[in-house]
Amino acid sequence: MIYTCTIAPSVDYTTYLPEFEAGKLNRSQEVYYYPGGKGINVSRVLKRLGADSMALGYAGGFTGDYIAHFLEDEGVLTDFIAVEEPTRINVKIKSDSETELNGPAPKISEDRLEKLMEKVKKMERGDWFVLAGTLPDSIPAAFFEEVGKVCQVNGVRLVLDTSGPALKKLIGLRPFLIKPNEDELGELFGIVISDKSDAYSYAKKLVENGVENVIVSMGGDGALLVTKEMAMSAEAPKQKVVNTVGAGDSLVSGFLASYVKEQDPLKAFKYGVASGSATAFRSDLCEKRDVEALLSQVKVNPFHEQDVTK
Ligand SMILES: Nc1ncnc2c1ncn2[C@@H]1O[C@H](COP(=O)(O)OP(=O)(O)OP(=O)(O)O)[C@@H](O)[C@H]1O
Ligand SMILES: O=P(O)(O)OC[C@@]1(O)O[C@H](CO)[C@@H](O)[C@@H]1O
């Protein structure tokens, strides 16, 4: 089973308007309420790509109920731990540019952290644990490290799409996959990544530290896959961008959906990039038919540092 874990899910209040002016009353006529949070997006896309998963995490209040019902209607399995605080609402404003306002993560008590740990302990060899989204500072990084260690000991493959201090600790546990975007990769090393050459150098360091597959996603510039055996660069297809929220999560889902079937990291990378772009080109997350239609447009080539001009 693939388990996704979103510590701080959200309802993504997504609105489209021709112009948006901060500091003014803006009225919009097109609004969507999507269940959000990175792990939840990964689960939704996995379902669309034909792979089952179980979404874990913390949910509460009317927004938490909304998410649980929405996922149930889509056939996504959930096993959320209830919290008192209503799950946050993240605002996504789509105008000539994209503006996001993400709410704070909930406070999680120790007994609820223990409940999550119990679920992790029950996972079996060959399962996957996808830890995605913000890991609040209010939870000690040592907790996530312990979760990662339990996965490592039990043969559960760890996938990380997260950022912050806990990520540093988890990298030492030889995760199967991590997918930082260029900012998150830069944050990890305290530098600014300005092109694929930089991304390659730092992704390589992660591989040297034991990460099996590093994918650095770079929005419209595509992505880079670095493993012990290869360094590959993918160009993203070009089309009108509608909503990039969840594009990175879709990349992770596409990679996993393909990898669990074929165990071929290169094929999985290509499928992942097609999934990320397919999401960027529509309002909600991608559907399988969109991904398959884009697949031939994803150009993947070996990455050579000398090809990049600064
Ligand atoms: N403008 C775009 N045009 C084409 N493809 C895109 C575009 N933006 C994103 N993508 C696709 O989605 C993938 C992931 O995008 P990105 O690097 O923006 O992820 P991210 O920052 O993790 O996003 P999020 O946190 O919103 O999920 C890219 O590698 C690419 O395949
Ligand atoms: O605040 P976080 O956890 O970093 O990000 C949360 C979020 O922006 O990420 C998803 C897209 O990747 C959205 O569904 C959600 O609103």
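Just so we're clear, the structure is a prediction, and the values are computed from it rather than from any experiment.

What counts and what doesn't
- Residues numbered from 1 in each chain as written.
- Chains lettered and ligands numbered in written order.
- Predicted model: local features only at pLDDT ≥ 70, side-chain atom pairs only at ≥ 80, totals over all residues.
- Near = placed C-beta within 6 Å.
- Helix = DSSP H or I, 4+ residues; strand = E, 2+ residues; numbered from the N terminus.
- Nonpolar A, V, L, I, M, F, W, Y, C, P; charged D, E, K, R; others polar.
- Domains from an automatic or database assignment.
- pLDDT = per-residue confidence, 0-100.
- Buried ≥ 20, exposed ≤ 12 C-beta atoms within 10 Å, placed from the backbone.
- Axes fitted to C-alpha atoms, helices over the stretch in contact; angles between N-to-C directions.
- Parallel < 35°, antiparallel > 145°, perpendicular 65-115°, else oblique.
- Left-handed = near helix turned anticlockwise from the far one by under 90°.
- Contact = placed C-beta atoms within 7 Å.
- Pairing = 2+ DSSP bridges.
- UniProt positions renumbered as here; feature names shortened; annotations may be inferred.

(A) Just the site of ligand 1, in detail. What surrounds ligand 1 is a group of 20 residues, the closest being Ser 217, Gly 220, Ala 247, Gly 248 and Gly 276. Of all elements in the fold, only helix H8 (247-262) and helix H9 (265-280) reach the threshold of two or more residues within the shell around ligand 1. Of the residues assigned to the shell around ligand 1, the class counts are 9 nonpolar, 10 polar and 1 charged.

(B) Seen up close, the domain arrangement of the chain. Domains assigned within the chain are domain 1 (1-19 + 31-173) and domain 2 (176-310). Elements represented by at least two residues in the side of domain 1 that touches domain 2 include exactly strand E2 (10-16), strand E3 (30-36), helix H1 (38-48), strand E6 (88-94), strand E8 (128-132), strand E9 (157-161) and helix H5 (165-171). Among the elements that line the side of domain 1 that touches domain 2, the one with the most residues is H1, at 7 residues. In the side of domain 1 that touches domain 2, the residues fall into 16 nonpolar, 5 polar and 10 charged.

(C) How the structure looks around the confidence of the model for the chain. Counting all residues, the mean pLDDT for the chain is 95, and 98% of those residues have values of 70 or more. Scored as a complex, the prediction yields pTM 0.96 and ipTM 0.97.

(D) Structural view of the environment of Glu 110. Its location among the elements puts Glu 110 in helix H3 (residues 110-121). Judged by C-beta crowding, with 10 C-beta atoms within 10 Å, Glu 110 ranks as exposed. Each C-alpha atom of the pair Glu 110 and Leu 170 lies 20 Å from the other, and the pair is 60 residues apart in sequence.

(E) Region of the structure containing the packing of H3 against helix H4 (residues 141-154). The interhelical angle for the contact between H3 and H4, taken along N-to-C directions, is 15°, at an axis separation of 9 Å. Classed by the angle they form, the pair H3 and H4 counts as roughly parallel. The hand of the H3/H4 crossing is right-handed. In this structure, H3 uses Leu 113, Met 117, Val 120 and Lys 121 to contact H4, whose residues at the interface are Phe 143, Val 147, Val 150 and Cys 151. Per-class residue counts for the contact of H3 with H4 are 7 nonpolar, no polar and 1 charged.

(F) Looking closely at the sheet that holds E6. Reading across the sheet, the 4 strands line up as E3-E2-E6-E7 and stay open at both edges, with mixed pairing between neighbours. Looking at which strands have only one partner, the edges of the open sheet turn out to be E3 and strand E7 (98-101). Adjacent strand axes in the sheet meet at a mean angle of 20° when their direction is disregarded. Both E2 and E3 contribute to a ladder of 7 bridges, which runs antiparallel. Residue pairing across strands places Asp 12 opposite Tyr 34, the latter belonging to E3.

(G) Region of interest: the sheet that holds strand E14 (residues 299-302). A sheet is described by the order of its strands in space; here 10 strands give the open sequence E5-E4-E1-E8-E9-E10-E11-E12-E13-E14, paired in mixed fashion. Taken across any chain shown, the strands that pair with only one partner, and hence form the sheet edges, are strand E5 (77-82) and E14. With 2 bridges connecting them, strand E10 (residues 177-178) and strand E11 (residues 213-217) associate as parallel partners. Within the sheet, the bridge partner assigned to Ile 178 lies in E11 and is Val 214. Across the face of the sheet, helix H7 (residues 196-208) comes into contact with E10, E11, strand E12 (223-226) and strand E13 (231-235) while running at roughly 30° to E12. The strands touched by H8 are strand E1 (2-6), E8, E9, E10, E11 and E12; relative to E9, the strand with the most contacts, the crossing angle is about 160°.

(H) Region of the structure containing the UniProt feature "domain: Carbohydrate kinase PfkB" (unreviewed entry) in the chain. In the numbering used here, UniProt assigns the feature "domain: Carbohydrate kinase PfkB" (unreviewed entry) to residues 14-284. The distance separating the terminal C-alpha atoms of residues 14-284 is 9 Å; by composition the span is 41% helix and 22% strand.

(I) Focus on the packing of H1 against H8. At their nearest, the axes of H1 and H8 sit 8 Å apart, and the two run at 45° to each other. Of the possible angle classes, the one that applies to H1 and H8 is oblique. When you trace H1 past H8, the crossing you get is right-handed. Residues Lys 38, Asn 41, Val 42, Val 45 and Leu 46 of H1 lie in contact with H8, whose contacting residues are Asp 249, Ser 250, Val 252, Ser 253, Leu 256 and Ala 257. Partitioning the contact of H1 with H8 into residue classes produces 6 nonpolar, 3 polar and 2 charged.

(J) Representation of the site of ligand 2 within the structure. With respect to spatial proximity, 15 residues lie near ligand 2, and among them Gly 36, Asn 90, Asn 102, Gly 133 and Thr 134 are the closest. Where the shell around ligand 2 is concerned, the elements lending two or more residues are E2, H1 and H8. Residues belonging to the shell around ligand 2 are distributed by class as follows: 2 nonpolar, 10 polar and 3 charged. Each of domain 1 (1-19 + 31-173) and domain 2 (176-310) contributes no fewer than three residues to the shell around ligand 2.

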